Amino acid sequence: EDAPMAFRLLRLSALPPVACSLAAVQSWSQLEAAPPKESPAVTAAREKIEALIETTAETRGDGTSLGPTLVRLAWHSAGTYSKADKSGGSDGGKMKYDPEASWGANAGLGEARALVESIAQDTSLSRADAYTLSGVVAVAAMGGPTVPWREGRTDAVDGSASPPDGRLPDA
C-alpha cells in the first residue's frame, strides 16, 4: 500500500531533484521492495547508455558529455505526470511524437531522444523505459546516487494521448 503523500514527499526530499522526479512516478511499495533481477535487455541498454556517455565525453573534448542532457530527457519524459487525472508521465514514451516532440520545453532533446531510441530498438527495451533509464544511468555515471528504477513502461504508437502542453518550463 502506498504511504501517505506527505511521508512519501519527505522520504523523496532526501534524494536529489532528478531522483525525485524519476522516482515520483513509481509506487512507494516498489521503491521499498528489493529490486528484481535486471533483464538482459536492461543490462544491455544500461551498458550502451554508459558507453554513449563515455564516447560523447571523449569526442566533445571539452569536458562535457551527453549525461546532463539524458537527465533532462528522463525528467521531461516523466515530469508531465499529473496525479490529479493520472495523465502524462513516462509511460508511452510519447515525447517521440508531436505534440510533445515540438513543445518548447523539449527543445534540444531531439538528438538525445534519437540516440536513446536507437538503444531501445537494439536491446528490445521499450522506448519509454529507455528514456527514464538513460537518466538513471547518467546520474550514476556523473557520480550521483543510484536511483531506484524498474522496467515495465510501454510504448504508445502516436502522441494522441499526450497531456496538455505547459506542465514543463520552456527550454
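Residues numbered from 1 in each chain as written. Predicted model: local features only at pLDDT ≥ 70, side-chain atom pairs only at ≥ 80, totals over all residues. Heavy atoms only, no water.

Undergrad: Mind showing me how you'd approach the nonpolar core here?
TA: Side chains of nonpolar character tend, in soluble globular proteins, to be buried together. Counting residues in hydrophobic clusters, the biggest one holds 25 residues, and the most contacted among them are I49, I53, L70, L73, V116, L125 and L133. Mapped by element, the contributors of at least two residues to this core are α4 (40-60), α5 (67-78), α6 (110-123) and α7 (127-141). The element that contributes the greatest number of residues to this core is α7, accounting for 7 residues. If we ignore the near neighbours within four places in the chain, the residues touching L133 are V42, A45, R46, I49, L125 and W149. (Core = buried A, V, L, I, M, F, W, Y, C linked by side-chain atoms within 4.5 Å. Buried < 20%, exposed > 50% of the residue type's maximum accessible area, 1.4 Å probe, protein only. Helix = DSSP H or I, 4+ residues; strand = E, 2+ residues; numbered from the N terminus. Contact = heavy atoms within 4.5 Å.)

Undergrad: What am I meant to see in the confidence of the model for the chain here?
TA: Note: predicted coordinates in regions of low pLDDT should not be interpreted at a detailed level. Per-residue confidence for the chain averages 84 on the pLDDT scale, and 80% of its residues sit at or above 70. Overall, residues 1-29 carries pLDDT values under 50, and its contacts beyond four positions in sequence, including any with other chains, amount to 38 contacts. (pLDDT = per-residue confidence, 0-100.)

Undergrad: I tried to follow the environment of L70 on my own but got confused; where do I start?
TA: Following the sequence through the fold, L70 ends up in helix α5. Given the relative accessible area of 0%, L70 is considered buried. Considering only alpha carbons, one finds L70 and T132, 62 residues apart in sequence, at a separation of 8.6 Å. Leave out the neighbours within four places in its chain, and L70 touches I49, I53, A112, V116, S134, G135 and A138.

Undergrad: Help me understand unusual backbone geometry in this model?
TA: What is expected of a backbone is that most residues other than glycine have negative phi and most peptide bonds are trans. A cis amide bond links D98 with the next residue in sequence, P99, at an omega value of 15°. Mapping P99 onto the fold places it in the loop between α5 and α6. Backbone geometry places K86, a non-glycine residue, at a positive phi of 55°. Here K86 shows up in the loop between α5 and α6. What makes K86 exposed here is its relative accessible area of 59%. A positive phi angle, close to 65°, is found at S124, a residue other than glycine. Looking at the element boundaries, S124 is found in the loop between α6 and α7.

Undergrad: Please clarify how α7 should be interpreted in this entry.
TA: An α-helical turn contains 3.6 residues, so any two residues separated by three or four positions project in the same direction. The end-to-end C-alpha separation of α7 is 20 Å, in line with the 21 Å expected for 15 residues at 1.5 Å each. Within α7, 13 of the 15 residues are buried, leaving the element largely enclosed by the surrounding structure. Where α7 ends, the next residue or the one after it, G143, has phi of about 90°, a positive value. (Expected span 1.5 Å × (residues − 1).)

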